[in-house]
Amino acid sequence: MFHQSHGRRQFLQNAAIFSTGLMASLLSDRPIRASDESVEAIVIGSGFGGAVAALRLGQAGINTLVLERGRRWPITPEQNTFATYRKPDGRAAWLSPTTFDGVPIDVYTGVLESKDENGITVLSGAGVGGGSLVYNGTTYQPPRQLFYYPRVRSMLKASPIPQDILNTSYYDSTRFFLKQATIAGLPYRLVDAALDWDIIRQQIQGTKIPDAIIGENWYGFNSGAKNSLDRNYLAQAEQTGHINILPLHLVTAITEVPRFGYRVFVNEINESGEVVATKTFTSRYLFLAAGSIGTSALLVKAKATNTLPRLNEYVGLGWGDNGDSIAVRSGFSEPTNPSQEGGGFAIVQHFDNPIGPISIQHGTQWNAPEGNLISLGMGIPTQRGKFNYDSTTGLVKLTWPVNSNQPKDTKVLQATEYTYKLLNKKYEDKNPITVTLDASVTGHPLGGAVLGKACDFYGRVMGYPGLYVVDSALIPGSTGCTNPSFTIAALAERNIERILLDDIVTSTARLK
């Protein structure tokens, strides 16, 4: 149950009067449903931005609903929470008849959504914990040393791979990747990962069913080795007594309630995706944390349908793919063991690349043959995508600039290829090394409600007091050649701290 101060009780009493319709003529030109439920704040989404916002709102005593489209994924003692690559089922994908790589499955509210947009495929997490359920745990900080990264790192308990684990055969490919960087004279580092290394040791010792050490990563870790947000930020948020998380609640629209706040329209769904109830919630403060795709779609639709008509011309602009590309390098004569581990623990930082700055992050693929190496390239794209509303379908679609040859920024691809040539050079005297780049997919969508454009520099949506963006939609296309999750969470920490101080705490105090 929510804890309520006298001032907040008065707030909710006023909200209850509102929800019965007695104040409808004063507050809105729309009929007010008797089923409206009111609360001080609503957070849409429970990924890196939403989880941070939820915890800090709860700690400030703000009664808050977190609306999450996906289900909860508690780790079971049987270690069977998630699907696996080796035996996929509906748990692997969000309401899709196939996995992201085309394997037929049953339709279910699974953990990974794959959306084919105009020019690019975008992967996103779904469930309580958002993208933290499906990422590799990589907690990669850009070169700047300050900001709010230490706060996030302490919550996620992120640390580099220990040497005893790195020295095992399961991590042969990481050591080979580091050897290549050394020979090429390229800067590299081990990056922090939000993993429980003791659980990984248990997998190596055979006392836990393996997942992290055999390339099972994107569908979740059944072992519990991943320190996902449902186990830290969100768990602590619920413990405050002020946070109520509602899984399987899919937000379809948002609108302003003049002189009160915002109304959210929601479909409650079952685990097959069927709508079992329609609901509306109202709040004084509304935080959008549905990810770059979800948040942008809600705002673009609201502007196009005049439910939030004062949104400015920058809403839906500034989207980018973080300069992502997946590479498969083939032809190495030395053992690479590419189907083991989870990957993402070592980075080559080629920031003085003459074409453009590039990071190359080592990865793995569960069914990759010997002699291959898998990696993720990240750059700074110069192109930007745009979201548009289709009034005939009621859907918002992303358009990513393409040309006849590449669905990608050509400069970023050229810079990425240049770095791979340096890494491969000393090995091509034995066998020709083939590099296959795929830039058609990203798991790092960024932008659509950019800081200083659609929002101010703390995520306040221009023209709408009490409406905030706290997720990856704030970031204009790139997090500086790094995995975005760490920066998204640190930015959310910074913004919610200022919002609580200047907007919410001050406003709540006036009610008392």
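Described below are features of the structure shown in this document. Along each chain, the written sequence defines residue order, and numbers are assigned to residues from 1. Since the coordinates come from a predicted model, pLDDT governs what is reported: local features require at least 70, and pairs of side-chain atoms require 80 or more to be given and counted, while whole-chain, interface and lining totals use all residues. Computation of side-chain values covers all heavy atoms of the structure but excludes hydrogens and water.

## Side note on the pattern of salt bridges
Thinking step 1. We count a salt bridge whenever a side-chain nitrogen from Lys or Arg sits within 4 Å of a carboxyl oxygen from Asp or Glu. Under the criterion given, the structure shown has 20 salt bridges.
Thinking step 2. For Glu238, the salt bridge identified is with Arg72, shortest N-O distance 2.7 Å. Of this pair, Glu238 sits in helix α8 (residues 233–239) while Arg72 sits in the loop between β2 (64–67) and β3 (112–116), and the two are 166 residues apart along the sequence.
Thinking step 3. Each residue is assigned to one of three classes by its accessible area relative to the maximum for its type, calculated with a 1.4 Å probe on protein chains only: buried under 20%, partly exposed between the two thresholds, exposed over 50%. Judged by relative accessible area, Glu238 falls into the partly exposed class, the value being 31%. Working definition: helices are DSSP H or I runs of at least four residues, strands are E runs of at least two. Numbering for both runs from the N terminus.

## Description of the environment of Thr442
Thinking step 1. Along the polypeptide, Thr442 turns up in strand β19 (residues 441–442).
Thinking step 2. In this structure, the C-alpha to C-alpha distance between Thr442 and Ser325, residues 117 residues apart in sequence, is 7.4 Å.

## Describing empty space enclosed by the protein
Thinking step 1. Space inside and on the surface of the protein is sampled on a 1 Å grid over the protein atoms alone, with a cavity defined as a set of points where a 1.4 Å probe fits but cannot get out and a pocket as an open set with protein on both sides within 12 Å along at least 5 of 7 lines; lining residues have an atom within 4 Å of a point. Grid points are joined across faces, edges and corners, and a volume is the space filled by probe spheres set on the points. Under the defined criterion, the tally for this structure stands at two cavities of 30 Å³ or more.
Thinking step 2. There is about 80 Å³ of room inside the largest cavity.
Thinking step 3. Taken together, Trp73, Ile75, Phe82, Leu133, Gly220, Phe221, Gly224, Ala225, Lys226, Ser228, Asp230 and Arg231 form the lining of the largest cavity.
Thinking step 4. Residues belonging to the lining of the largest cavity are distributed by class as follows: six nonpolar, three polar and three charged.
Thinking step 5. Roughly 40 Å³ of internal volume is contained in the second largest cavity.
Thinking step 6. Along the walls of the second largest cavity sit Gly331, Phe332, Ser333, Glu334, Tyr427, Lys430, Asn431 and Ile433, which together make up its complete lining.
Thinking step 7. Class assignment for the residues of the lining of the second largest cavity results in three nonpolar, three polar and two charged. Ten residues, namely Ala, Val, Leu, Ile, Met, Phe, Trp, Tyr, Cys and Pro, are considered nonpolar, four, namely Asp, Glu, Lys and Arg, are considered charged, and the remaining ones, Gly among them, are considered polar.

## Brief notes about the sheet that holds β3
Thinking step 1. At least two bridges found by DSSP between two strands is the condition for calling them paired. Strands sit in the order β3-β4-β19 across an open sheet of three strands; the sheet is mixed. Every other strand in the sheet has two partners, leaving β3 and β19 as the edge strands with one partner each.

## A closer look at unusual backbone geometry
Thinking step 1. In this structure, Leu248 is a non-glycine residue whose phi angle is positive, near 55°.
Thinking step 2. With respect to the secondary-structure elements, Leu248 resides in the loop between β8 (243–246) and β9 (249–257).
Thinking step 3. Look at Leu248 and you get buried, because its relative accessible area is 14%.
Thinking step 4. In this model, Arg259 sits at a positive phi of 60°, which is unusual for a non-glycine residue.
Thinking step 5. Residue placement: Arg259 occurs in the loop between β9 and β10 (261–269).

## A look at the side chain of Asn337
Thinking step 1. Along the chain, Asn337 falls in the loop between β12 (325–330) and β13 (346–350).
Thinking step 2. Taking relative accessible area as the criterion, Asn337 reaches 17% and is therefore assigned buried.
Thinking step 3. Note on contacts: a residue pair is in contact if any heavy atoms of the two residues lie within 4.5 Å. When residues no more than four places from it in sequence are discounted, the contact partners of Asn337 are Ser169, Tyr170, Asp172, Ser173 and Glu370.

## Considerations on helix α7 (residues 197–205)
Thinking step 1. Turning to α7, its buried residues are Trp197, Ile199, Ile200 and Gln203. Within α7, the buried residues cover an arc of 155° as seen down the axis, which keeps them to one side.
Thinking step 2. Identification of polar contacts relies on pairs of N or O atoms within 3.5 Å, with a donor-acceptor requirement for protein atoms, meaning one able to donate a hydrogen and the other able to accept it, and with residues adjacent in sequence counted only if both atoms are side-chain atoms. N-capping of α7 is provided by Asp196, with a side-chain oxygen placed 3.0 Å from the backbone N of Asp198.
Thinking step 3. With its phi angle positive at about 85°, Gly206 sits one or two positions after the end of α7. The arc under discussion is defined with respect to the helix axis, by the directions toward the C-beta atoms.

## A few points about the environment of Glu113
Thinking step 1. Its place among the elements puts Glu113 in strand β3.
Thinking step 2. Given the relative accessible area of 13%, Glu113 is considered buried.
Thinking step 3. Separated by 330 residues in the primary sequence, Glu113 and Gly443 have C-alpha atoms spaced 10.0 Å apart.
Thinking step 4. Every residue in contact with Glu113, bar those within four places of it in the chain, is listed here: Arg69, Trp94, Val122, Leu123 and Ser124.
Thinking step 5. Separated by 3.0 Å, the side chains of Glu113 and Arg69 make a polar contact.

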